[in-house]
Amino acid sequence: MNGTHECDVLVIGAGPAGASTALNLLNHTDLSVILIEQSDLQKLRIGESVSASVFSVLDYLQIDRADFGPHCFTPTQGNSAFWGSEKSANRHAIFAPDRATYQINREIFDLTLLESTIQRGGTVFPRTKSKAITQLQDGRYSVVVSHPDYGQFTIVCKYLVDASGRNSSIGKSLGAAVQQYDRLTGVGAFFKVKRGALEQLQLIESDECGWWYSAALSNDMLVVTYFSDFELLSKQRLNRLAQWQAHLGSSKYMSRRVEGAKMVDESLWVRPAGSHFNSFAHLKNYLPVGDAACAFDPISSMGLGFAMTSGCQAAAIIGNTKTSQAFMHSSKMYQQDLARQFDQYLALKQQFYNKEKRWCDAPFWFKRQQLINQVA
């Protein structure tokens, strides 16, 4: 494995954004594609709610719904939100009002996309982390990567696609400017339910310090997450198991949902969930996709759909680019399109957070009002 590998396009990150980029390139161009992923693809993934529009994207990627098997897409039975009131209200994703929604098994979904990538001629390196990125004089990128078994080797590519997610530092290291809007963070756990078939219901419950979210990942698996600002979570030690469990126990509705359930693992996961926007159009032969380009509050339920469509957009730009000047022009247009989507998202996010007025003076909600006013 030592030495140098060359390809036309290197995609860093093997989630839906990276896989969609690779698949679109392999479907419509003769370009060689390498995709690297630092994880081993085995971790338990958080499920995601999507609208039926995801099937149109899969059709475009030339993947049949049946390829994902019978357990990947589970129709949700409802969306219930205790937000702004003690009364439950049906709540649809703010970008998918009044549409049927599905809970996705992310492990099956992600692995099926990667299997299709390999079947169509792409190369996938799991457990491979980018260590250093240098742009050569001819505009290509030299990327030093590391694998736990095969050591370090170098990949040289003409185009670099950053699909490495919310925590991506690739754009910043190359000179992109990332504007961070908040530090929303999710702290969560997986629960195993003993009482048989689990109701396919998404439940949201706000409180003074943030909000709870839960969804059924299967007939007996439940994910429960608490979202608040990073500083508040740390101050109240809600990133610690005992305090998190106590806070869950004090909730009015979420606590009822986990009655009789057992945590799968006696540890919590902590993940960033804030909003940010990447300004990158001045960089040559580099395109971010998914969360590396724009990250959205999970209240929007638009993460996976955006990840896949942005990957398709990036692939189209690369596939249709004939000159460096043409690439820079297309990259600028792509960024402008992302900016329009992000502005629309901020406006809808403002409307949703503005519905909760019970704790206006509490730090979490007060900060949301400040952010809303800045955007407005």
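In this report, we go over the structure that sits alongside the text. For clarity, every value in this text was computed on a predicted model and none was experimentally measured. (Residues numbered from 1 in each chain as written. Predicted model: local features only at pLDDT ≥ 70, side-chain atom pairs only at ≥ 80, totals over all residues. Heavy atoms only, no water.)

This part covers unusual backbone geometry. Positive phi values are uncommon outside glycine, yet Gln62 reaches one of about 65°. Relative to the assigned elements, Gln62 resides in the loop between α2 (54–60) and β4 (73–75). With a phi angle near 60°, Asn285 is a residue other than glycine that sits in the positive phi range. With respect to the secondary-structure elements, Asn285 resides in the loop between β19 (276–279) and β20 (286–288). A relative accessible area of 11% means that Asn285 is categorised as buried. (Helix = DSSP H or I, 4+ residues; strand = E, 2+ residues; numbered from the N terminus. Buried < 20%, exposed > 50% of the residue type's maximum accessible area, 1.4 Å probe, protein only.)

Among the structural elements, Gly260 can be located in the loop between α7 (254–257) and β17 (262–263). According to the relative accessible area criterion, Gly260 is exposed, its value standing at 59%. Considered as a pair, Gly260 and Lys192 are 68 residues apart in the sequence and their alpha carbons are 9.0 Å apart.

On the basis of which strands lie adjacent, the open sheet formed by 3 strands has the order β12-β19-β21 and antiparallel pairing. Each edge of the sheet is formed by a strand with only one pairing partner; in this case those strands are β12 (177–180) and β21 (294–295). Here β12 runs beside β19; their pairing, made up of 4 bridges, is antiparallel. Among the inter-strand pairings, Ala177 is bridged to a residue of β19, identified as Ser279. Here helix α9 (residues 324–353) sits on the sheet in contact with β19 and β21, set at roughly 165° to β19. (Pairing = 2+ DSSP bridges. Contact = heavy atoms within 4.5 Å. Axes fitted to C-alpha atoms, helices over the stretch in contact; angles between N-to-C directions.)

This part takes up the environment of Asp361. Tracing the chain through its elements places Asp361 in the loop between α9 and α10 (363–375). Spatially, the C-alpha atom of Asp361 lies 9.3 Å from that of Glu208, the residues being 153 residues apart in sequence.

Tallying each qualifying case throughout the model produces 14 salt bridges. Of the charged contacts, one joins Lys367 and Asp229 as a salt bridge, the two residues approaching to 4.0 Å between their closest N and O atoms. In this pair, Lys367 is assigned in helix α10 and Asp229 in strand β16 (residues 221–229), connecting sequence segments 138 residues apart. Between Arg358 and Glu356 there is a salt bridge, with the nearest N and O atoms lying 2.8 Å from each other. Each of the salt bridges in this network shares a partner with another, and the network as a whole consists of Glu86, Lys252, Glu356 and Arg358. (Salt bridge = Lys/Arg side-chain N within 4 Å of Asp/Glu carboxyl O.)

Moving on, we get to the pairing of β16. In terms of burial, β16 is largely enclosed, as 9 of its 9 residues are buried. Sheet topology note: the strand β13 (residues 184–192)/β16 ladder contains 9 bridges and is antiparallel. Looking at the pairing, Phe190 lines up with Val223 of β16. In this sheet, β16 lies alongside strand β15 (residues 210–216) in antiparallel orientation, the contact comprising 6 bridges. Following the sheet pairing, Tyr213 is matched in β16 by Thr225. Counting the residues between successive antiparallel strands, the hairpin from β15 to β16 contains 4 residues.

The next point concerns the packing of aromatic side chains. Counted by the stated rule, this structure contains 28 aromatic pairs. Ring centres of Phe55 and Phe73 lie 5.0 Å apart, and the angle between their planes is 70°; on these two criteria the pair is classed as edge-to-face. Of this pair, Phe55 sits in helix α2 while Phe73 sits in strand β4, and the two are 18 residues apart along the sequence. Of the two residues examined, Phe55 and Phe73, each falls in the buried class. Here the aromatic rings of Phe191 and Trp244 are separated by 6.3 Å at their centres, their planes lie at 25°, and the arrangement is stacked. (Phe/Tyr/Trp six-rings, centres within 6.5 Å; stacked < 30°, edge-to-face > 60°.)

Across the two faces of strand β2 (residues 33–36) the burial is the same, with Val33 and Leu35 and Ile34 and Ile36 all buried. Taken together, the 4 bridges between strand β1 (residues 4–12) and β2 define a ladder with parallel strand orientation. Note that in β2 the partner of Leu10 across the bridge is Ile34. For the crossover from β1 across helix α1 (residues 16–28) to β2, the handedness is right-handed. (Right-handed = clockwise from strand over helix to strand, strands pointing away.)

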